[in-house]
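Report on the structure
Okay, here's what each chain looks like letter by letter:
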Amino acid sequence: MARGPRSGVVGHVEWVLFGYAGVVPATGDIVHLREPFEEPAGGGAVVAIALNTSLYPNDVDARRIIAEFIRAQLRQAGFEKAVLGLSGGIDSALVAYLVAEAIGAEKLLCVRMPYRTSSAGSLEDAAAVVADLGCASETVEITPIVDGYFAGRPEASPVRRGNFMARARMCVLYDHSV
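What counts and how
- Residues numbered from 1 in each chain as written.
- Predicted model: local features only at pLDDT ≥ 70, side-chain atom pairs only at ≥ 80, totals over all residues.
- Heavy atoms only, no water.
- Salt bridge = Lys/Arg side-chain N within 4 Å of Asp/Glu carboxyl O.
- Buried < 20%, exposed > 50% of the residue type's maximum accessible area, 1.4 Å probe, protein only.
- Axes fitted to C-alpha atoms, helices over the stretch in contact; angles between N-to-C directions.
- Helix = DSSP H or I, 4+ residues; strand = E, 2+ residues; numbered from the N terminus.
- Parallel < 35°, antiparallel > 145°, perpendicular 65-115°, else oblique.
- Left-handed = near helix turned anticlockwise from the far one by under 90°.
- Contact = heavy atoms within 4.5 Å.

Another point: the pattern of salt bridges. Enumeration according to the criterion identifies four salt bridges in this entry. The partner of Arg160 in a salt bridge is Glu155, and the shortest N-O contact between them spans 3.8 Å. On the basis of relative accessibility, which here comes to 36%, the residue Arg160 falls in the partly exposed class. According to the relative accessible area criterion, Glu155 is exposed, its value standing at 57%.

Okay, here's the thing in structure tokens:
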């Protein structure tokens, strides 16, 4: 038995998905879904995907469970479509494929948000993902946003600039979601 964050016994936890825990028997069926975990002391959120790979001889069952989870989360929030920031890296590419598989590529908008120093290869990789999926995409250059903010702040460190770029990308995605 596993102990949950509330120190109560929650059952044999075979997987954790974005703060939800459940039991998955060898059949791959989800038989119990716990409420979201409470926010840990000190802030932050429990965000993890951990599948017991001994239950899955291939990735089909894991993908099915993740796709079901994505659909359930969108349905619970009242959404039918998804907006995704696509950098061209492996993480966002994997999420794009999983979301497209879960809800259909026609319901996915991938937004590329390069900065002037972004790798051309990353943009090419992102374009290849979009072409392969056949989903809608848009490119929003964040250079004017970032450089405009830091124009009067030449002392800004690369860390500050990087943090601001992440926040600018978040704002772009939120704007595209409405």
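So that's the structure; there's more coming.
The next point concerns the packing of helix 2 (residues 90-103) against helix 3 (residues 120-133). In contact at an axis separation of 10 Å, helix 2 and helix 3 are set at 15° when each is read in the N-to-C sense. For the element pair helix 2 / helix 3, the angle class is roughly parallel. The handedness of the crossing between helix 2 and helix 3 comes out as right-handed. The residues of helix 3 that touch helix 2, namely those facing Ala93, Ala96, Tyr97 and Ala100, are Val129, Asp132 and Leu133.

Within the element layout of this structure, Glu141 appears in the loop between strand 9 (136-139) and helix 4 (143-150). Residues Glu141 and Pro114, spaced 27 residues apart in sequence, show a C-alpha to C-alpha distance of 5.3 Å. Look past the residues within four positions of Glu141 in its chain and what remains in contact with it is Pro114, Tyr115 and Arg116.

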